Each structure stands twice: as C-alpha cells, then as structure tokens.
Amino acid sequence: MRPYPGRLAALCLIGSLQAQALIVAPVNGGIAAVALPDSDSRPQVSYLGHPVLVSGQAPHWRAIVGIPLDRPAGIEHLDEMAPLTQSIPFPIGHKAYPEQHITLSDHHMVDPTPAQLTRIHRELTEEKADFALFDGQQPPLRIDHLPVTATALDSAFGLRRFFNGEERAPHSGLDLKAREGQMVTTPLPGRVVLGRELYFNGGTVIVDHGQGLVSMYCHLSHIDVQPGEMLAAGAELGRAGHSGRATGPHLHWSMSLNDVRIDPALLLSDDLRRQLGLDH
Ligand SMILES: [Zn+2]
C-alpha cells in the first residue's frame, strides 16, 4: 500500500445545479470517493452493511464513503445492489492519529456505576440508530460556516484518548472553542432527530441531513430544537456549554456518513480550514 500523501487531494464533485467540493481522504476516519459504473439510474451501494451516499448525475456516479477509524489499510469493497449486483473494490491507506491525555476529577465520567452504564448503553443504542438513518435528498457536501462563529480548533478528530491514564474510544468528532452560552447553529439543512441530555455527551442535538449524512452537537447548556423540526443552514440549535464529560465549555461536533464518524474538517471550505489552522 502506497503511504497516504501528507497533502490531501481535493476533488470537485460537480452536480447539475451546484458545485460541491469535499476533501477526499481515503484513510481510516476519512472519506473515499469511488467511481461507479455508468448507469441511467442512481446506483444503490452499501459498505459494511450500511447504505452509502451516491453523488452525481446520470450516467456518472460516485459513492461517497465514510471509513471507520479502526479500519486497517488495504482493499475495501462496496456492494452494489442495483442496477447491477457486484462488488466494487477500492484501496484505503492508514492515517496515524496522535494521543491525547485528559484528567477528569469526576471519576464517574471514567468508571461509571452499573446503573450509569445501563443508561449509557441505552443512549448509545439510540445514538447509533440515529446515525444509521438513510433517507431524504442528497445533502450539500461542503460546509461554508461553522456551528460556532469566531472560533478555533480545540481538539482534532481521531485523537487516541486516555482519561486518567485509561484508554477509551478515540475522539469521534472535532472540538471547537466556544464560550458558555454561545449560539450553536447547524452548518447544513436537516431534520432534528434528537435533542436532549445524554450521560457522556451532555446536552445533545443530532441532525439528519439526508442520505446517511448526520451531525451531532454535544455539551450544550441549552437546547432550542425538538425532534422532527426541519432546519435551514444557519438555524440555531442551542447554546454551547460544558455538560456531560467535558473539562470546560466547548462544542463537540461529529459528522457521520454511512453510520461512520468521519473528520468534519474534510467537509469544510478552504476559508474555514484556514481559519482553524488545518493543513490543506
Ligand atoms: Zn469532542
């Protein structure tokens, strides 16, 4: 496997009405764009058992595939169900993410009690079901404004996390610096599917943008939306805070494709990547 180049190649996906761009990074935690065989109808494909977003217009289509953080480098396969039935291979490389060590004074946030674990598992099941949603229209694939304005990167996506020395799940979103009470908005249009307090995530909103693209906003001090609400890009979701497992006020922001948490930075416009000091 060729090592993944340090500079990420940008690929433009041109739709009939709007130009859409995202950064294609076919690595663990990244996004692959896989050309599909020409077809007059939109192909239906899945990856690891989950339906995958297909972009383009007849007869040219691309699958936009989220790749799990724990996937090793190698040859992956898309399963096309229609109009053809076939397996489509695509290569992925390996990206090594740095470690982050965090000290928490509330030990119940590191080693929850059995009762707290029951709640955590119930909430994770619900969260998982929301991330697995797949319907609606093809969403925009480029983000032109951040969920909190005038911000900077706090913690990057994919960090291997150690809480009080114990390794836990890697960082599945990116953290933006935010003031307590600062307005949080949705960067893309969508439908609210969850809006309430969760154990680790604190005040949480999940938004379904369509075709398996789902976002989540955590540690909110206040939630302004309810499940079922349709939101335009830029609509307020709530207020930033430090509820749940957080060492201080910030916004945790996750983006998910085909039920896989990917680096939200890959969807950001060049201006926003520059603002956050991200290598491009
Ligand atoms: Zn976070």
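Now for a quick tour of the structure. (Residues numbered from 1 in each chain as written. Predicted model: local features only at pLDDT ≥ 70, side-chain atom pairs only at ≥ 80, totals over all residues. Heavy atoms only, no water.)

### What to know about the layout of surface pockets
To be explicit about the condition: A cavity, in this analysis, means grid points on a 1 Å lattice covering only the protein atoms where a 1.4 Å probe fits yet has no way out; a pocket is instead an open set bounded by protein on both sides within 12 Å along at least five of seven lines, and a residue lines either one if it has an atom within 4 Å of a point. Grid points are joined across faces, edges and corners, and a volume is the space filled by probe spheres set on the points. Numbering of helices and strands runs from the N terminus, with a helix taken as a DSSP run of H or I at least four residues long and a strand as a DSSP run of E at least two residues long. Nonpolar residues are Ala, Val, Leu, Ile, Met, Phe, Trp, Tyr, Cys and Pro. Charged residues are Asp, Glu, Lys and Arg, and all others, Gly as well, are polar. The domain limits used here are those given by an automatic or database domain assignment.
Approximately 1200 Å³ is the volume found for the largest pocket. For the largest pocket, the lining is made up of 45 residues, of which Ala-169, Pro-170, Ser-172, Asn-201 and Arg-245 are closest to its centre. Sorting the residues of the lining of the largest pocket by element identifies strand E10 (99-102), helix H1 (114-131), strand E11 (153-155), strand E12 (160-163), strand E18 (213-220), strand E22 (250-257) and strand E23 (260-262) as the ones contributing at least two each. With six residues, H1 is the single largest residue contributor to the lining of the largest pocket. Here the lining of the largest pocket is built from residues that sort into 22 nonpolar, 12 polar and 11 charged. The residue makeup of the lining of the largest pocket includes at least three contributed by each of domain 1 (10-92) and domain 2 (125-155 + 173-275).

### Quick look at the environment of Gly-212
Test applied: Accessible area is worked out with a 1.4 Å probe on protein chains only. A residue is then buried under 20% of its type maximum, exposed over 50%, and partly exposed in between.
The topology assignment puts Gly-212 in the loop between strand E17 (202-210) and E18. Overall, Gly-212 belongs to the buried group, its relative accessible area being 1%. For the pair formed by Gly-212 and Gly-66, sequence separation is 146 residues and the distance between their alpha carbons is 9.8 Å.

### Considering the sheet that holds strand E6 (residues 53-57)
Heads up, the rule is: At least two bridges found by DSSP between two strands is the condition for calling them paired. To define axes, lines are fitted to C-alpha atoms, for helices over the stretch in contact only, and angles between the resulting N-to-C directions are given on a 0 to 180 degree scale.
Overall, antiparallel pairing links the three strands, which are arranged E3-E7-E6 in an open sheet. Since the sheet does not close on itself, it has two edges, and those belong to strand E3 (31-36) and E6, each with one partner. Neighbour-to-neighbour, the strand axes of the sheet open up by a mean angle of 25°, direction not taken into account.

### Quick notes on the environment of Val-205
By the secondary structure assignment, Val-205 is in strand E17. Remark: the alpha-carbon pair of Val-205 and His-219, spanning 14 residues in sequence, is separated by 9.5 Å.

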